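So you can see what is in the structure, the chains are spelled out below.
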Amino acid sequence: MSTVQPLWEMGVEMHVVTFGEVMLRMAPEEFMRIPQALPGRLEITFGGGEVNVAVSIARQGGSASFLTSLPDNPLTDAFEAELRKFNVGTELVQRRNEGRFGVYYVETGANQRAGTVIYDRDHSSISLAAAEAYDWKTAFASANWFHITGITPAISAAAAEAGLAAVIQAKQQGLRVSCDLNFRKKLWNWKPGTGTKDLAQQTMQEFMPYVDVVIANEEDADMMLGIRADDTDVEAGQISVAAYETVARKIVAEYPNVSQVAITLRESLSASHNNWGALLFDVAQDRSFAAPLDNNGNYTPYEIRNIVDRVGGGDSFAGALVFALNTPELADPESALRYAVAASCLKHSIKGDFNYATRAEIEALVAGSGSGRVQR
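The shown structure was predicted, so the numbers you read here are calculated from the model rather than taken from an experiment.

A.B. asks: Explain the nonpolar core to me, using residue names and the numbers behind them.
C.D. replies: Ranked by size, the top nonpolar core spans 58 residues in total, and within it F19, F140, F146, L181, L225 and I251 carry the most contacts. In this structure, V93, A278, A320 and L330 belong to the second largest nonpolar core, which totals 56 residues.

A.B. asks: Help me get a handle on the confidence of the model for the protein chain, residues and values and all.
C.D. replies: When pLDDT drops low, the exact placement of atoms in the prediction is not to be read closely. Averaged over all residues, the pLDDT of the protein chain is 92; the fraction at 70 or higher stands at 93%. For the stretch residues 1-12, pLDDT sits under 50, and the model shows 29 contacts to residues farther than four places along the chain or on other chains.

A.B. asks: So, the packing of helix α12 (residues 333-347) against helix α13 (residues 359-366): which residues are in play, and what are the values?
C.D. replies: Orientation of α12 relative to α13, taken along the N-to-C sense of each, is 110°, at an axis distance of 9 Å. Overall, the two elements α12 and α13 adopt an arrangement that is roughly perpendicular. Residues R338, Y339, A342, A343, C345 and L346 of α12 touch α13, and the partners they reach there are R359, E361, I362, E363, L365 and V366. Taken together, the residues of the contact of α12 with α13 sort by class into eight nonpolar, no polar and four charged.

A.B. asks: Describe in detail the pattern of salt bridges, supporting the description with residues and values.
C.D. replies: Across all of its chains, the model carries 19 salt bridges by this definition. In this structure, E80 engages R84 in a salt bridge whose closest nitrogen and oxygen atoms are separated by 3.7 Å. You can see E80 and its partner R84 sitting in helix α3 (residues 74-85), four residues apart, about one turn around the helix. What makes R84 partly exposed here is its relative accessible area of 46%. Salt bridges sharing common partners tie together D72, D77, E80, R84 and R95.

A.B. asks: Tell me what's going on with the environment of E13, and back it up with residues and numbers.
C.D. replies: Mapped onto the fold, E13 is located in the segment before β1 (16-19). Here E13 falls in the exposed class, since its relative accessible area comes to 69%.

A.B. asks: I'd like to hear about the environment of V283, residue by residue, with values.
C.D. replies: By the element assignment, V283 lies in the loop between β12 (274-282) and β13 (287-291). The class for V283 is buried, based on a relative accessible area of 13%.

A.B. asks: Got a sec to walk through the packing of aromatic side chains? Specific residues and values, please.
C.D. replies: Following the criterion strictly, the structure yields 13 aromatic pairs and no others. Taken together, a centroid distance of 6.2 Å and an interplanar angle of 20° make the contact between W136 and F140 stacked. Accessibility expressed as a relative area gives 1% for F140, which makes it buried. Plain terms: the ring middles of W188 and W190 are 6.4 Å apart, the flat faces sit at 40° to each other, and that makes the pair tilted. A relative accessible area of 0% places W188 in the buried class. Here the aromatic cluster, defined as three or more aromatic residues joined through ring pairs, consists of F19, Y134, W136, F140 and F146.

A.B. asks: Can you break down the sheet that holds strand β2 (residues 23-27) residue by residue, with the values?
C.D. replies: One open sheet accounts for four strands, arranged β3-β2-β6-β7; its pairing is mixed. Taken across any chain shown, the strands that pair with only one partner, and hence form the sheet edges, are β3 (43-47) and β7 (116-120). Sheet twist, expressed as the average angle between the axes of neighbouring strands with direction ignored, equals 25°. Two elements, β2 and β3, share five bridges in a ladder whose sense is antiparallel. Among the inter-strand pairings, A27 is bridged to a residue of β3, identified as E43.

A.B. asks: Tell me about the packing of helix α11 (residues 313-325) against α12, residues and numbers included.
C.D. replies: Packing of α11 against α12 leaves a shortest axis separation of 8 Å and a crossing angle of 150°. Handedness of the α11/α12 crossing: right-handed. Residues G313, S316, F317, A320, L321, F323, A324 and L325 of α11 pack against A336, L337, Y339, A340, V341, A343, S344 and K347 of α12. Residue composition of the contact of α11 with α12, by class: 12 nonpolar, three polar and one charged.

A.B. asks: Any chance you could break down the environment of P292 for me, citing the residues and the numbers?
C.D. replies: Tracing the backbone through its elements, the reader meets P292 in the loop between β13 and β14 (302-304). Taking the C-alpha atoms as reference, P292 lies 9.9 Å from E334; in sequence the two are 42 residues apart. Excluding anything up to four places from it in sequence, P292 contacts W276, G277, N298, Y299, T300, P301, Y302 and V341.

Parameters and conventions
Residues numbered from 1 in each chain as written. Predicted model: local features only at pLDDT ≥ 70, side-chain atom pairs only at ≥ 80, totals over all residues. Heavy atoms only, no water. Core = buried A, V, L, I, M, F, W, Y, C linked by side-chain atoms within 4.5 Å. Buried < 20%, exposed > 50% of the residue type's maximum accessible area, 1.4 Å probe, protein only. pLDDT = per-residue confidence, 0-100. Contact = heavy atoms within 4.5 Å. Axes fitted to C-alpha atoms, helices over the stretch in contact; angles between N-to-C directions. Helix = DSSP H or I, 4+ residues; strand = E, 2+ residues; numbered from the N terminus. Parallel < 35°, antiparallel > 145°, perpendicular 65-115°, else oblique. Nonpolar A, V, L, I, M, F, W, Y, C, P; charged D, E, K, R; others polar. Salt bridge = Lys/Arg side-chain N within 4 Å of Asp/Glu carboxyl O. Phe/Tyr/Trp six-rings, centres within 6.5 Å; stacked < 30°, edge-to-face > 60°. Pairing = 2+ DSSP bridges. Left-handed = near helix turned anticlockwise from the far one by under 90°.

Quick look at the structure:
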């Protein structure tokens, strides 16, 4: 079984490339529903799984570039300006004459009303771009880590082929590869006659032999890999930490190239009240770590009440985990996990897809500063 060699041990600095689709995120103000807000105003920002990861890494002090295909128009101009604000590299943004800028609409849930997402991303530029449209070798020339999610191959057959070409080339060039499985049932529909779950599993089975670090939530391993946790009911908010260690071990047994498996553990008591934590199984140590822990070393999830925005919470976990695994003082599995869970906990207090939390704020929460007192 492989192990992830820290980048600093190889004499190189961290530079992460992420690949996927960015969309315009349109949302009503606060907790309004779309029929309430229209006709009227929607707040427009940018968002998408892989770009969210790049922003988190750069925001926390790492180096990241975002690889994508977008239409050559002012929307892309605005997006590149936004990336530069976060010090995310834009040199890999590929402008095309075909396709459009994808859009998604989000309603923020509250109490017993769940949040909802509406996708409008058919015929987007990245969904039309073939694998041959990208110069993968050049894209990875200065990188040493590549991140992708299961959302990208769900967009279209072309995007799936491009994603597979990306992970293959990344491994050929010696990059470490992380993949956040991220099952999206509303997207896996590009192969007529094949169900969403079957299509997802058929596709991701091709990706998995090239992945070093697997990231998932409570149901992703089941939906994407056919590996289910026992004694767990995601819809009812019942989570068994021990069951997910078993899931992680099954993933590693089936895909021996995988060196670490991280699984976020969300107990949804309501849309506004979640318990949040995660585990990380490390092959080299043949053990799992959980976070956060109480003073007695027992798993005790963060209790997050009055959630501002949970969209992007998983991406903030993935971004912080990749950053931590490639930062010497944070890289041991236990420290990396604690850091990533704290980062994603803070994201639940921030509106929009991007996690604006800084490394100092994240480390303060890890150290126990969670009262929310004003810092004067």
